[in-house]
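Coordinate analysis (summary)
So the chains spell out like this:
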Amino acid sequence: MTFSPRNRPFEYEPSPVRVVFGPGRRAEVGEEADRLGLAKVMLIADGNTPGGRPVADALGDRLATRWDEVAQHVPVELAERAGERAAAEGVEGLVTLGGGSATGLAKAIALDTGLPIIAIPTTYAGSELTPVFGMTSTHRKRTGVDERVRPRVVIYDPELTVGLPPEITGPSAFNALAHCLAALWAPHGDPLTSALAADAVRIVTSSLPELAITPTDLDARSGLQYAAFLAGTALGRTGTGLQHRICHHLGGKLNLPHAETHAVILPHVVALNSPAGPDWVARLEPFLGPDPALGLWNLARRSGLSTSLSRLGATEEDVREVAGQVAGSANPVPVEAAQVEALLRRSLDDLPPSAGW
Ligand SMILES: NC(=O)C1=CN([C@@H]2O[C@H](COP(=O)(O)OP(=O)(O)OC[C@H]3O[C@@H](n4cnc5c(N)ncnc54)[C@H](O)[C@@H]3O)[C@@H](O)[C@H]2O)C=CC1
Ligand SMILES: O=C(O)/C=C\C(=O)CC(=O)O
């Protein structure tokens, strides 16, 4: 299908994020802090994430304090404690090293303080490119959009990802794929976001099988991180909808692992939306086959990911409650609670995605 801008009017505004990409470039974090005029920063990085020592060394005297406690879905009390430390130390900025949890904690602090963030991502979550934040309290996740939380600088260093274990790599790549699909069917997407998203799908679908054979291959790792950059950029320009809201509600209620939840839900939401999206379905056919929902489901299973929501810990009751909460979310196909519940039940029962239920 030929794309014609004449038939698809759009607005384009470049994102204000500076991106530095390349193996070894974590060493440039001190110069990036100087560019932003940050003389005192807090480094947020948990103990599992590689690169803490070199990044701290590269920050040198600019490193005022380190914070090593992070958690998925950012508990509000954790954000408050980390924010108090940042205030007590009088830091001028935040440097994150880690996945979406480290980035998310910095975003929660920035939401209150406006402190600029330099993000060094080590998974494929893409949070580093978006103005989206999320925080959890009493089993409810609140998400929102605020430009103050979007990192000012992102340093991608693929060397930091060569040791990512397969159980994090696969789901995290699916988190990136979820961003691509959300961007492809977003009502205010534009030709650029669609191009970024489609290219990211191309790269993820070729890199994941390569990494299953050689997990430490720096070319494939660089490709996957580049795809995460494209996917995060696309999501950061278009915003989230039903797919992401389902995962946020499930994540907040049950503390489910975020990327794994996206991987389980994505094929089912794609099955729902495919009949309404012949243009993006055709665009993805070379990478996912004629049925993108089934293509994703098969890719997940081939990559050793769980495709069952019950295996992640959700029950029929959870599914019913979440379906009620997300009904009416932004989606190319308007959905009522019963439809979402039926979709989620298929994922509970580990059934392949299907548009008809
Ligand atoms: N606001 C946004 O735009 C987005 C936010 N998120 C949020 O991010 C969080 C999930 O982030 P994820 O990156 O999926 O997980 P994560 O940041 O919790 O990391 C998962 C695990 O991988 C470990 N890890 C990270 N990098 C590693 C590396 N290179 N080598 C070895 N281990 C490593 C971490 O220590 C952690 O144990 C959720 O809270 C989610 O809501 C996710 C995507 C977008
Ligand atoms: O679902 C996603 O991958 C995107 C956004 C979030 O996770 C929201 C958050 O920061 O918690």
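Just so it is clear, the model here is predicted, and its values are computed rather than measured. (Residues numbered from 1 in each chain as written. Chains lettered and ligands numbered in written order. Predicted model: local features only at pLDDT ≥ 70, side-chain atom pairs only at ≥ 80, totals over all residues. Heavy atoms only, no water.)

Across the interface, helix H6 (residues 191-213) lies against helix H7 (residues 218-238) with an axial gap of 8 Å and an inter-helix angle of 150 degrees. Taken together, the axis directions place H6 and H7 in an arrangement best described as roughly antiparallel. Handedness of the crossing formed by H6 with H7: left-handed. Across the interface between the two elements, Thr193, Leu196, Ala197, Asp199, Ala200, Ile203, Val204, Ser207, Glu210 and Leu211 from H6 touch Ala220, Arg221, Gly223, Leu224, Tyr226, Ala227, Leu230, Ala231, Thr233, Ala234, Arg237 and Thr238 from H7. Its residues placed into classes, the contact of H6 with H7 shows 13 nonpolar, five polar and four charged. (Axes fitted to C-alpha atoms, helices over the stretch in contact; angles between N-to-C directions. Helix = DSSP H or I, 4+ residues; strand = E, 2+ residues; numbered from the N terminus. Parallel < 35°, antiparallel > 145°, perpendicular 65-115°, else oblique. Left-handed = near helix turned anticlockwise from the far one by under 90°. Contact = heavy atoms within 4.5 Å. Nonpolar A, V, L, I, M, F, W, Y, C, P; charged D, E, K, R; others polar.)

This paragraph deals with a nonpolar patch on the surface. Among the surface-exposed residues, Phe10, Tyr12 and Leu192 lie close enough to one another that they form a single nonpolar patch of about 290 Å² accessible area. Look at Leu192 and you get partly exposed, because its relative accessible area is 38%. (Patch = residues over 30% accessible without salt bridge, like charges linked within 9 Å, V, L, I, M, F, W, Y side chains within 5 Å. Areas by Shrake-Rupley, 256 points an atom, 1.4 Å probe, with all protein chains shown as cover. Salt bridge = Lys/Arg side-chain N within 4 Å of Asp/Glu carboxyl O. Buried < 20%, exposed > 50% of the residue type's maximum accessible area, 1.4 Å probe, protein only.)

Not every positive phi belongs to a glycine, and His73 is a case in point at roughly 70 degrees. Considering the arrangement of structural elements, one finds His73 in the loop between strand S3 (63-67) and helix H3 (76-88). Residue His73 is classed as buried on the basis of its relative accessible area of 7%. Look at His139: it is not a glycine, yet its phi comes out positive at around 65 degrees.

Along the chain, the position of His268 falls in helix H9 (residues 258-273). Residues contacting His268, with those up to four places away along its chain left out, are Trp297, Leu343, Arg346, Ser347, Leu351, Pro352 and Pro353.

Another point: H3. Taking 1.5 Å per residue as the helical rise, H3 with its 13 residues ought to reach 18 Å, and the 18 Å between its terminal C-alpha atoms agrees with that figure. In this structure, the buried residues of H3 make contact with strand S2 (41-44), S3, strand S4 (93-98) and helix H4 (100-113). Two residues or fewer after H3 comes Gly90, characterised by a positive phi angle close to 65 degrees. (Expected span 1.5 Å × (residues − 1).)

It is worth spelling out the packing of aromatic side chains at this point. Tallying each qualifying case throughout the model produces five aromatic pairs. Their ring planes at 55 degrees and their centres at 5.7 Å tell us that Tyr156 and Phe229 sit as a pair that is tilted. With Tyr156 in strand S8 (residues 153-156) and Phe229 in helix H7, this residue pair connects regions lying 73 residues apart in the sequence. Assessed through its relative accessible area of 0%, Tyr156 is described here as buried. The structure contains a cluster of three or more aromatic residues connected by ring pairs, namely Phe21, Tyr156, Tyr226 and Phe229. (Phe/Tyr/Trp six-rings, centres within 6.5 Å; stacked < 30°, edge-to-face > 60°.)

What follows deals with the UniProt feature "domain: Fe-containing alcohol dehydrogenase-like C-terminal" (unreviewed entry) in the chain. The sites that carry the UniProt feature "domain: Fe-containing alcohol dehydrogenase-like C-terminal" (unreviewed entry) are, in the present numbering, residues 173-347. Spanning residues 173-347, this segment combines 76% helix with 0% strand, and its end C-alpha atoms are found 19 Å apart. (UniProt positions renumbered as here; feature names shortened; annotations may be inferred.)

So, about the layout of surface pockets. What the largest pocket holds in volume is close to 950 Å³. In this structure, the largest pocket is lined by 46 residues; those nearest its centre are Gln72, Gly99, Gly100, Ser101 and Ala125. Among the elements of the structure, S4, H4, strand S6 (132-137), strand S7 (140-145), helix H5 (166-184), helix H8 (242-254) and H9 are those that each provide at least two residues to the lining of the largest pocket. The class makeup of the residues in the lining of the largest pocket is 16 nonpolar, 25 polar and five charged. Residue-level mapping places the lining of the largest pocket at the junction of two domains, with at least three residues from each of domain 1 (18-161) and domain 2 (166-348). (1 Å grid on protein atoms, 1.4 Å probe; cavity = no way out; pocket = protein on both sides within 12 Å on 5 of 7 lines; lining within 4 Å. Points joined across faces, edges and corners; volume = space filled by probe spheres on them. Domains from an automatic or database assignment.)

Attention now goes to the site of ligand 2. The local shell around ligand 2 consists of Val132, Phe133, Gly134, Lys141, Asn175, His179, His244, His248, His258 and His262. Between ligand 2 and the protein, one listed contact pairs an oxygen atom with a side-chain N or O atom of His248 at 2.7 Å. Relative to its unbound accessible surface of 310 Å², ligand 2 loses 87% to contact with the protein. Counting residues per element, the ones that place at least two in the shell around ligand 2 are S6, H5, H8 and H9. In terms of residue count, the dominant contributor to the shell around ligand 2 is S6 (three residues). Residues that form the shell around ligand 2 fall into these classes: two nonpolar, seven polar and one charged. Formed jointly, the shell around ligand 2 draws a minimum of three residues from each of two domains, domain 1 (18-161) and domain 2 (166-348). (Near = heavy atom within 4 Å. Polar contact = N/O pair within 3.5 Å; in protein donor to acceptor, adjacent residues only side chain to side chain.)

This part is about the UniProt feature "domain: Alcohol dehydrogenase iron-type/glycerol dehydrogenase GldA" (unreviewed entry) in the chain. Per the UniProt record, the feature "domain: Alcohol dehydrogenase iron-type/glycerol dehydrogenase GldA" (unreviewed entry) sits at residues 16-158. Annotated as residues 16-158, this span is 29% helix and 28% strand, and its ends, taken at the C-alpha atoms, are 22 Å apart.

This brings us to the nonpolar core. Proteins that are soluble and globular tend to have nonpolar side chains buried together. Phe174, Ile246, Ile265, Leu309 and Leu344 are the most contacted members of the largest nonpolar core, which totals 67 residues. No other element matches the nine residues that H5 contributes to this core. For Ile265, the residues in contact, after removing those within four places along its chain, are Gln243, Ile246, Cys247, Leu250, Leu309, Leu344 and Ser347. In this structure, Val70, Leu78, Ala86 and Leu94 belong to the second largest nonpolar core, which totals 24 residues. (Core = buried A, V, L, I, M, F, W, Y, C linked by side-chain atoms within 4.5 Å.)

Take the environment of Pro275 next. Topologically, Pro275 is positioned in the loop between H9 and helix H10 (278-288). We classify Pro275 as exposed; its relative accessible area is 63%.

Here the focus is the side chain of Thr161. Its place among the elements puts Thr161 in the loop between S8 and H5. Setting aside chain neighbours within four positions, we find Thr161 in contact with Thr122, Tyr124, Arg221 and Gln225.

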